[in-house]
Amino acid sequence: STFAAADVHDEKLKALRGVRAFTPASVAADVVRGQYAAGKVGAAEVPAYRAEKGVAASSNTETFVAARLAIDNWRWQGVPFYLRSGKRLKRRVTEIVIEFKRLPHSIFGPIRPQDLPPNVLTINVQPDEGITLSLQAKRPGPKLCMSTLSMVFNYREIFGEEPPEAYERLLLDAMLGDQTLFIRRDNVEAEWAILMPLLQAWTATAADGAPCPLLPYAAGSWGPAAARRLLARDQRAWHTR
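Notes on the structure follow.

Parameters and conventions
- Chains are numbered independently. Their residues run from 1 in the order of the written sequence.
- In keeping with the predicted nature of the model, local features appear solely for residues at pLDDT of at least 70, side-chain atom pairs appear and are counted solely at 80 or more, and the whole-chain, interface and lining totals rest on all residues.
- Processing note: side-chain calculations cover all non-hydrogen atoms of the structure and skip hydrogens and water entirely.
- Numbered from the N terminus, helices here are DSSP runs of H or I no shorter than four residues, and strands are runs of E no shorter than two.
- Like-charged residues within 9 Å of one another, or nonpolar side chains (Val, Leu, Ile, Met, Phe, Trp, Tyr) within 5 Å, are grouped into patches, provided each residue has over 30% relative accessible area and no salt bridge.
- Only the protein chains shown count as covering a residue, and every accessible area follows the Shrake-Rupley method with a 1.4 Å probe.
- What makes a salt bridge here is a side-chain nitrogen of Lys or Arg within 4 Å of a carboxyl oxygen of Asp or Glu, nothing more.
- Each residue's exposure class comes from its accessible area (1.4 Å probe, protein chains only) as a fraction of the maximum for that residue type: buried when under 20%, exposed when over 50%, partly exposed otherwise.
- Two strands pair if DSSP finds at least two bridges between them.
- With axes taken as lines fitted to C-alpha atoms, and helix axes fitted only over the stretch in contact, angles between N-to-C directions fall between 0 and 180 degrees.

Quick notes on unusual backbone geometry
P127 follows Q126 through a cis peptide bond whose omega is 5°. Considering the arrangement of structural elements, one finds P127 in the loop between β7 (120–126) and β8 (130–138). Positive phi is not limited to glycine here, since R88 has a value of about 60°. Phi angles above zero are rare outside glycine, and Q235 is one such case at about 60°. Note on placement: Q235 falls in the segment after α6 (225–232).

Okay, structure coming up:
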C-alpha cells in the first residue's frame with residue numbers, strides 16, 4: 001500500500017511464504033547444481049575450482065545452481081520461476097527476464113502464432129542498469145515482414161550519471177535510518193525455510209549418492225547442460241546475450 005519499509009517487507013514475506021516447498025523428489029527434478037572445471041573466460045585461462053588456491057581437491061562446494069520454483073497464490077499460480085546463479089560464467093550480469101505468454105492467434109494470415117516470439121521485458125540490475133522491452137513489430141512497407149523491436153531505457157544515458165554502487169546506497173540508507181533495502185528477520189527465516197530442503201538433499205547426496213549430483217561445467221560457459229534441459233522440458237530456454 002505504501003513504499004514504507006514495513007509494507008515492502010510484508011509483501012516480500014507474502015511472496016516467500018507462497019513458494020512451493022521442495023521435496024527430495026522435486027529437488028532431484030527441478031534443481032541443477034554444478035562446479036566449474038578449467039576453461040577460458042574472455043581471453044584468460046581459468047583453472048578448475050578444485051585447483052584454485054585454498055580449495056580442497058575433493059571439494060563438493062557448488063559454484064552454480066539453477067532451479068525451477070512455483071509460487072502458490074492467486075497471482076502467480078501456474079507461472080514458473082527460473083533462477084540461475086553461478087561463478088566463472090560467460091558474462092557477469094544480474095538481470096530479471098519476464099517472458100510474456102505466446103499469442104494464441106496471429107492476425108497476420110501467413111504467419112503462424114508459433115512463429116512469433118513472445119514479448120520480453122528485461123530488467124538489467126547490473127552492470128548496465130536499465131529496462132528493455134522487446135516486442136514484435138511489422139516493418140514499414142507493403143510486404144508482411146515481422147521482426148523484434150527493442151525499446152531501451154538506460155540509466156546512464158537518460159540521467160547522464162553513474163548510479164550509486166550497492167554498498168554506497170546501503171550505507172546511505174543506514175545513516176538515514178531507512179530499512180527498506182535491508183532484510184527483516186522473518187524474511188530471512190522464510191528464505192531459509194525454502195533453502196533447507198535443498199541443503200538436506202545435497203547432504204544426502206554426499207552421504208549415499210542420492211540423485212542430486214554435482215555436475216561439472218567449463219569455465220566461460222553458461223553452466224552444465226542439465227540446466228538447459230531443465231528449461232527445455234518446458235519448451236523454454238535461458239536468456240543469453
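Looking at a nonpolar patch on the surface
The grouping of I183, V188, W192, L195, M196 and L199 at the surface amounts to a nonpolar patch, some 500 Å² of accessible area in total. Secondary-structure assignment places L199 in helix α5 (residues 185–208). What makes L199 partly exposed here is its relative accessible area of 32%.

Brief notes about the sheet that holds β8
Taken in spatial order, the 4 strands line up as β6-β7-β8-β9 in an open sheet, and their pairing is antiparallel. Strand pairing shows two members of the sheet lacking a second neighbour, β6 (94–99) and β9 (146–154), which therefore form its edges. Mean inter-strand twist for the sheet, computed between neighbouring axes without regard to direction, equals 20°.

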